[in-house]
Amino acid sequence: MGKNIVLIGFMGTGKSTVGLKLAEKLRREFIDMDKEIEKVTGMAINDLFRKHGEIRFRSEEKLMAKKLSAQENVVIATGGGIVLQGENIAALRENGILICLDAEPEDIYERVNRKKGTRPLLKKNLQVADVAEMLKNREPYYACADYRVNTSNKSLDEVVNNIIKYIRNKQR
Ligand code: S3P
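Residues numbered from 1 in each chain as written. Predicted model: local features only at pLDDT ≥ 70, side-chain atom pairs only at ≥ 80, totals over all residues. Heavy atoms only, no water.

Observations concerning the site of the ligand
Operational definition: We call a residue near a molecule or strand whenever a single non-hydrogen atom of that residue lies within 4 Å of it. Using a 1.4 Å probe, the Shrake-Rupley method yields the accessible areas, and only the shown protein chains count as cover for residues. Space inside and on the surface of the protein is sampled on a 1 Å grid over the protein atoms alone, with a cavity defined as a set of points where a 1.4 Å probe fits but cannot get out and a pocket as an open set with protein on both sides within 12 Å along at least 5 of 7 lines; lining residues have an atom within 4 Å of a point. To qualify as sitting in a cavity or pocket, a molecule needs more than half of its atoms within 2 Å of the grid points. What counts as a helix is a DSSP run of H or I of at least four residues, what counts as a strand is a run of E of at least two, and both are numbered from the N terminus. Polar here means any residue other than Ala, Val, Leu, Ile, Met, Phe, Trp, Tyr, Cys and Pro, which are nonpolar, and Asp, Glu, Lys and Arg, which are charged; Gly is therefore polar.
The full set close to the ligand counts 13 residues, and K15, D34, R58, G80 and R119 are the nearest of them. Alone, the ligand offers 390 Å² of accessible surface; in the complex the protein occludes 93% of this. When each cavity is represented as a set of grid points, the ligand is found to reside in the largest pocket. When residues in the shell around the ligand are grouped by element, the largest group, three residues, is from helix α3 (residues 45-68). Class assignment for the residues of the shell around the ligand results in five nonpolar, three polar and five charged.

So, in structure tokens, the structure goes:
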């Protein structure tokens, strides 16, 4: 069985959309980590943050990373903060290839604004400059990726095909 393909990257870079399409094309199972956390906790991510705080969310995230690292041949979309805990990356890397999706702050701003209120770490009156600042702070963490794709100015198919090409070359 093949290694998992693990998508990492900032909020709004398209991890779930790309992951689903990638899994479809490769005929692999798709797992959305945040959705799995919602299933096991019985709570929407927003409620989990609101009722129990970020620390609790990060601990659920860590448990889920460990659990999913036992999988094989699946495509996993992670939450943007998965990289903040080194143990998560170590676990997911055991049997996975880490692909980071990048995007320009303006595009991220547009995308997260379309789904306003679903991301507890983003402030209400979010500006492009806030996104740029958060991206800068997170950048050293995303550098753990085996491969990175900038999704700005690329279609979904282009992004997916780019990843498939990388994976196939790597397997040769
Ligand atoms: C987070 C990103 C979110 C979600 C949670 C925390 C982060 O996932 O896991 O709100 O710390 O960047 P998305 O990247 O899918 O928005």
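Text resumes after the structure shown.
A closer look at the sheet that holds strand β2 (residues 30-32)
For sheets, the rule is that strands pair by backbone hydrogen bonds, running either parallel or antiparallel. Inclusion rule: Between any two strands, pairing holds if DSSP finds at least two bridges. Note on geometry: axes are C-alpha line fits, over the in-contact stretch for helices, and angles between N-to-C directions span 0 to 180 degrees.
Sheet architecture is open: five strands sit in the order β2-β3-β1-β4-β5, paired in parallel fashion. A strand with exactly one partner marks an edge of an open sheet, and here the two such strands are β2 and β5 (147-150). When the angles between neighbouring strand axes are averaged without regard to direction, this sheet yields 25 degrees. As paired elements, strand β1 (residues 4-9) and strand β3 (residues 75-77) share three bridges and run parallel to each other. Residue L7 lies in a different strand from β3, and its bridge partner there is A77.

Observations concerning the packing of aromatic side chains
Using the following cut-off: Whether two aromatic rings pair depends on their centres lying within 6.5 Å, for rings of Phe, Tyr and Trp, where Trp uses its six-membered ring; planes under 30 degrees apart make the pair stacked, over 60 edge-to-face, and the rest tilted. Burial status follows relative accessibility: with a 1.4 Å probe on protein chains alone, a residue under 20% of its type maximum counts as buried, one over 50% as exposed, and anything between as partly exposed.
Counted under the stated rule, the structure contains two aromatic pairs. Taken together, a centroid distance of 4.8 Å and an interplanar angle of 35 degrees make the contact between F49 and F57 tilted. Residue classification places F49 among the buried positions, given a relative accessible area of 13%. The class for F57 is buried, based on a relative accessible area of 4%. Taking 4.2 Å as the distance between ring centres and 0 degrees as the angle between the ring planes, the aromatic pair formed by Y147 and Y166 counts as stacked. In this pair, Y147 is assigned in strand β5 and Y166 in helix α7 (residues 156-171), connecting sequence segments 19 residues apart. Given the relative accessible area of 24%, Y147 is considered partly exposed.

A short note on the pattern of salt bridges
Quick note on the threshold: Throughout this description, the term salt bridge denotes a Lys or Arg side-chain nitrogen within 4 Å of a carboxyl oxygen of Asp or Glu.
Overall, the coordinates contain twelve salt bridges when judged by the stated rule. One salt bridge in this structure joins K62 and E87, with 3.4 Å as the shortest N-O distance. Taken together, the positions of K62 in helix α3 and E87 in helix α4 (residues 86-94) put the pair 25 residues apart, joining distant regions of the chain. For E87, a relative accessible area of 52% gives the class exposed.

Functional significance is not addressed by these values, which are geometric in nature.
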